[in-house]
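Geometric and topological summary
Below, each chain spelled out in residue letters.
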Amino acid sequence: MLVQLTRFACGGLAVGFTAHHLVSDGRATSNFFVAWSQATRGAALDPAPVHDRAAFFRPRDPPRVEFEHRGVEFKKPAAHQHAKAALGISNGDGHDDEVVVHKAHFSREFISRLKSQASPPGAGRPCSTLRCVVAHLWRCITAARGLDGSVATSVCIAVDGRARMSPPVPDGYTGNVVLWARPTAAARDLVARPLRHAVELINRELARVDGAYFGSFVDFAASGAVEEEGLVPAADAAEMVLSPSIEVDSWLRIPFYDLDFGGGRPCFFMPSYLPVEGLLILLPSCHGDGSVDAYVPLFSRNMDAFKSCCYSVDLVDD
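First things first, this report covers the structure right here in the doc.

What counts as what
- Sequence order as written defines the numbering, with residues in each chain counted from 1.
- The model is predicted, so local features are restricted to residues of pLDDT at least 70 and side-chain atom pairs to those at 80 or more, both for listing and for counting; the totals for chains, interfaces and linings are taken over all residues.
- No hydrogens and no water enter the side-chain calculation; it runs on all heavy atoms of the structure.
- Helix numbering and strand numbering both begin at the N terminus, where a helix is a DSSP run of H or I of at least 4 residues and a strand a DSSP run of E of at least 2.
- For this analysis, residues touch if any pair of their heavy atoms sits within 4.5 Å.
- Within this scheme, the nonpolar core is defined by two criteria: the residues are buried Ala, Val, Leu, Ile, Met, Phe, Trp, Tyr or Cys, and they are joined through side-chain atoms within 4.5 Å.
- Note on classification: 1.4 Å probe, protein chains only; a residue is buried when its accessible area is under 20% of the maximum for its type, exposed when over 50%, partly exposed between these limits.
- Pairs of N or O atoms are called polar contacts if they sit within 3.5 Å, as long as, within protein, a hydrogen donor faces a hydrogen acceptor (for residues adjacent in sequence, only side-chain-to-side-chain pairs).
- Throughout, the protein atoms alone are placed on a 1 Å grid, and a set of points is a cavity if a 1.4 Å probe fits but cannot get out or a pocket if it is open with protein on both sides within 12 Å along at least five of seven lines; lining residues have an atom within 4 Å of a point.
- Grid points are joined across faces, edges and corners, and a volume is the space filled by probe spheres set on the points.
- Pairing of aromatic rings covers Phe, Tyr and Trp, the last counted by its six-membered ring, and requires centre-to-centre distances within 6.5 Å; plane angles under 30 degrees mean stacked, over 60 mean edge-to-face, and any other angle means tilted.

**Thoughts on the environment of Gly-16**
With respect to the element layout, Gly-16 can be found in strand β2 (residues 13-18). Apart from residues no more than four positions distant in its own chain, Gly-16 is found in contact with Leu-2, Val-3 and Gln-4.

So this is what it looks like as structure tokens:
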């Protein structure tokens, strides 16, 4: 973990933070920020940190590997790049492949419109903000990229296993309890069908990554197959181009604007990172009115097309 404090002559203070994602997931990072702010004010830490990794992720006896984890959480080295080469997808090394980042701001009213389009008729509760915004962005980015209609595109969404595992992992666990859901569709089908279809794909995959799936993953990871077969994690930190797919990191539940390090609440927060084409970051806007900011990195050649549709209700109403 690295922390950088920058003090300004006006009295302002910027706090920069980075950590290795293998050490902590979004929930653990959120808990760390909350505990840090509580400690600076002399308040009790809530939730209390928990670090007993071995107790929560002990393989079952006998092990039960009930799901396929090869090609999902683990892969053969370089297999993904070979697949991209077969599809003719660039690695982003050319001059025309500059990655630019657009900060898309979705108002509370626009999100309400998305929810009305994404929720099934007569649904008891509307679609969540995260799911409808992710579905909308997935469709917009797919359209903006101009992918061949038969190309398969997926969206990687982190699934927190704390409440899904049995027994549950405490909220205060400081570590990484995240696996990925990967809803997938043909590009033509995703764009042509209504927003509700994309949400249904997301809902189905999120439900699939349940407690049984997490248990199966723990058993497989401890089985020795990873070492024997030379498998590597499917999540590759060196990968700079995700097309034809996207990945979403949701920070919507991290209470950035409620943190108080002794000098009051922050006035602004933003991610600072090396842009990866297709890696989206969602966070609550600084207005505190339920609106959402999405940082969207795409190739410059696709950005105008994305901007033309991401705020449009026409795509929503297809």
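Read on, since the account is not over.
**Section: the nonpolar core**
Of all hydrophobic cores here, the largest spans 50 residues; its most connected members are Phe-106, Val-133, Leu-137, Trp-138, Val-296 and Phe-306. The greatest single-element share of this core, amounting to 9 residues, is contributed by helix α5 (residues 129-145). Once residues lying within four places of it in the same chain are set aside, the contact partners of Phe-306 are His-102, Leu-137, Cys-140, Ile-141, Ala-144, Val-296 and Leu-298.

**As for the side chain of Ser-154**
Relative to the helices and strands, Ser-154 is located in strand β5 (residues 152-160). At 2.9 Å, the side chain of Ser-154 and the side chain of Ser-245 are in polar contact.

**Side note on the layout of surface pockets**
Considered as a void within the structure, the second largest pocket measures approximately 240 Å³ in volume. Together, 13 residues line the second largest pocket, and Phe-56, Arg-58, Met-165, Ser-166 and Pro-167 are the ones closest to its centre. Elements with a minimum of two residues in the lining of the second largest pocket: α2 (53-56) and α8 (211-221). For the lining of the second largest pocket, the leading source of residues is α8, giving 4 residues.

**A word on the packing of aromatic side chains**
The final tally for this structure, using the stated rule, is 17 aromatic pairs. Consider the rings of Phe-56 and Tyr-173, whose centres lie 6.0 Å apart with planes at 80°: the pair is edge-to-face. Here the residue Phe-56 occupies a position in helix α2, and Tyr-173 occupies one in the loop between β5 and β6 (178-181), the gap between them amounting to 117 residues. By relative accessible area, which is 24% here, Phe-56 ends up partly exposed. Ring centres 6.0 Å apart and planes at 55° place the aromatic pair Phe-106 and Tyr-311 in the tilted group. Taken as a pair, Phe-106 in strand β4 (residues 99-106) and Tyr-311 in the loop between α10 (300-310) and α11 (313-316) lie far apart in primary sequence, 205 residues in all. Note on Tyr-311: relative accessible area 38%, which makes it partly exposed.

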